[in-house]
Amino acid sequence: MTTSAAPAGGDHPRRQHTAGVDPLGTLRTPEDPDCDVFLTGTVFLDIVFTGLDSAPVRGTETWARGMGSSPGGVANMATALARLGLRTSLAAAFGDDHYGEYCWDALARGEGIDLSRSRTVPGWHSPVTVSMAYDGERTMVSHGHEAPPPEGALPMCPPRARAAVASLAPGRQEAWVAEAARRDTRIFADVGWDETGRWDLAALADLEHCEAFLPNAEEAMRYTRTGCPRAAARALADKVRIAVVTLGSDGAYAVDSATGETAEVPAIAVTALDPTGAGDVFVAGFLTGTLAGWPLADRLAFAGLTAALSVQEFGGSLSAPGWVEVAAWWQYVQSCSDQDPAALRRYAFLDGLLPAPSRPWPLRRAVPTIGFRRSV
């Protein structure tokens, strides 16, 4: 099977989603690498149903009060990074069906993501995930086939980048990760559920190339054979410089083994509509703060904040917040009489970063749905 060149729009000028905020603005030089962050993976078309009172029951029809469509899979992470102002490059396969065209256009034109290392595969249909959100949880059904390997259409090596995001899996080793690390690209990694049930940390071969590892509490404890998320983070810090363990409603805990510093930040209480993509948004927020050189606790706080803002919207990439959303939240929360002043001081570092809010909180983003044309 052959691959085709990028569809029209692949070189579209980068659209600004940062409201004038460049978190790396003071660090940029003419010798900068090609992009801030590189990532690769599978792009899904996500169809998300919301407003469900419970999980669908076998043999019945369930009506959802809301729905939306958006690029998903690795596109969740790419979108979260781009909306925080990082120059993001994605290498992925896209089907030549309408779903693939829609996802390409949404990422390239809508989010300003560089897709020059991506490709369209004739005759290959786009992977699809249907997600059903209820009670702060989600149930997903997916379908797809692995894309055929490129035939010389993509660079054999990853681009020069400040950072890259890798998704680790037991027994799998990606050659590009080692090559990127050799070029001094800082590797940030997450991990999924170990379907083998072995939870063998040694099986995560690419972990040795990573600067930061960000599992959730259950994953971290299983991999380290510990009964406490904080103990798990300390154990992981023996394998990677920065270990971050997300604690769900309890926030996050991090250990920097190079400095001995630890940090713990509580979660922000929100009404969760859909948790899809929240983990990706957390990683994007932490990566942004790390590249910008923020203190460890500020990075954790910002990552938790962006993740909390994302779960109040539905859809993975649809829900990723940008600086406009963060600024609107910060202005709003400071005017609330029921807020703990001591807790708000945790986010005082935002004062020197945020643009003036252009819209009041809460913000409602437009929800793209396949079939509608953009109004002019």
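The structure we're discussing is the one just above.
So, here is what we can say about the structure in this document. As the structure is a computational prediction, the values presented were derived from the model and not from experiment. (Residues numbered from 1 in each chain as written. Predicted model: local features only at pLDDT ≥ 70, side-chain atom pairs only at ≥ 80, totals over all residues. Heavy atoms only, no water.)

### Overview of empty space enclosed by the protein
Rule in force here: Using a 1 Å grid laid over the protein atoms alone, points where a 1.4 Å probe fits but cannot get out form a cavity; open sets with protein on both sides within 12 Å along at least 5 of 7 lines form a pocket; any residue with an atom within 4 Å of a point counts as lining. Grid points are joined across faces, edges and corners, and a volume is the space filled by probe spheres set on the points. Working definition: helices are DSSP H or I runs of at least four residues, strands are E runs of at least two. Numbering for both runs from the N terminus. Amino acids are sorted into nonpolar (Ala, Val, Leu, Ile, Met, Phe, Trp, Tyr, Cys and Pro), charged (Asp, Glu, Lys and Arg) and polar (every other residue, Gly among them).
Scanning all chains against the criterion turns up 1 cavity of 30 Å³ or more. There is about 30 Å³ of room inside the largest cavity. For the largest cavity, the full set of lining residues is Val-43, Ala-93, Phe-94, Gly-95, Gly-100, Cys-103, Trp-124, Ser-126 and Pro-127. Elements represented by at least two residues in the lining of the largest cavity include exactly strand 5 (93-95) and helix 2 (98-111). No other element matches the 3 residues that strand 5 contributes to the lining of the largest cavity. The residue inventory of the lining of the largest cavity, partitioned by class, reads 6 nonpolar, 3 polar and no charged.

### A closer look at the pattern of salt bridges
The cut-off we apply is this: Any Lys or Arg side-chain nitrogen located within 4 Å of an Asp or Glu carboxyl oxygen qualifies as a salt bridge. Residue burial is assigned from relative accessible area. The probe radius is 1.4 Å, only protein chains are included, and a residue is buried under 20% of its type maximum, exposed over 50%, and partly exposed in between.
For the structure on display, the rule yields 17 salt bridges. Between Arg-28 and Asp-36 there is a salt bridge whose closest N-O contact spans 2.8 Å. Comparing Arg-28 with Asp-36 shows no difference in burial state: the two are buried. Across the pair Glu-174 and Arg-172 runs a salt bridge whose closest N-O atoms are separated by 3.3 Å. In the salt-bridge network here, residues are joined through shared partners; they are Asp-22, Arg-28, Asp-32, Asp-36 and Arg-162.

### Overview of the environment of Trp-104
Tracing the sequence through the fold places Trp-104 in helix 2. It is 9.3 Å that separates the C-alpha atoms of Trp-104 and Ser-118, two residues lying 14 residues apart in sequence.

### Here we look at the packing of helix 6 (residues 278-291) against helix 7 (residues 296-310)
Let me state the cut-off plainly: In this analysis an axis means a line fitted to C-alpha atoms, helices contributing only their contacting stretch, and an angle means the value between N-to-C directions, from 0 to 180 degrees. Oblique is the label for any angle not under 35 degrees, not over 145, and not in the 65 to 115 range, which are roughly parallel, roughly antiparallel and roughly perpendicular in turn. Should the near helix be turned anticlockwise from the far one by less than a right angle, the crossing is termed left-handed; should it be turned clockwise, right-handed. Every residue pair with non-hydrogen atoms within 4.5 Å of one another is taken to be in contact.
Two elements in contact, helix 6 and helix 7, have axes whose closest approach is 8 Å; the angle formed by their N-to-C orientations is 150 degrees. For the element pair helix 6 / helix 7, the angle class is roughly antiparallel. Both helix 6 and helix 7 take part in a crossing whose hand is right-handed. Packed against helix 6, whose contacting residues are Ala-278, Val-281, Phe-282, Gly-285, Phe-286, Gly-289 and Thr-290, the element helix 7 presents Leu-296, Arg-299, Leu-300, Phe-302, Ala-303, Gly-304, Thr-306, Ala-307 and Ser-310 at the interface. Of the residues contributing to the contact of helix 6 with helix 7, the split by class is 9 nonpolar, 6 polar and 1 charged.

### Considering the sheet that holds strand 7 (residues 128-134)
The strands making up a sheet associate through backbone hydrogen bonding, with each pair oriented either parallel or antiparallel. Which entries qualify depends on this criterion: Pairing between strands is defined by DSSP: at least two bridges between them are needed.
Pairing in this open sheet of 4 strands is mixed, and the strands run 3-2-7-8 from one edge to the other. If you trace the sheet from one side to the other, it starts and ends with strand 3 (66-73) and strand 8 (137-143), each paired once. The sheet shows a mean angle of 20 degrees between the axes of neighbouring strands, direction not considered. Note: strand 2 (residues 43-50) against strand 3, 8 bridges, orientation antiparallel. Looking at strand 3, one finds that Asp-46 is bridged to Ser-70. Strands in contact with helix 1 (residues 74-83) are strand 2 and strand 3; relative to strand 3, the strand with the most contacts, it is inclined by about 90 degrees.

### Focus on the environment of Arg-119
As a reminder of what qualifies: Any N or O atom pair separated by 3.5 Å or less is treated as a polar contact, with the protein-specific requirement of one donor-capable and one acceptor-capable atom, and with residues adjacent in sequence counted only for side-chain atom pairs.
Counting through the fold element by element, Arg-119 comes out in strand 6 (residues 119-121). When the C-alpha positions of Arg-119 and Asp-96 are compared, they lie 9.7 Å apart, and in sequence the two are 23 residues distant. Engagement of the side chain of Arg-119 in a polar contact is seen with the backbone oxygen of Pro-148, the distance being 2.3 Å.

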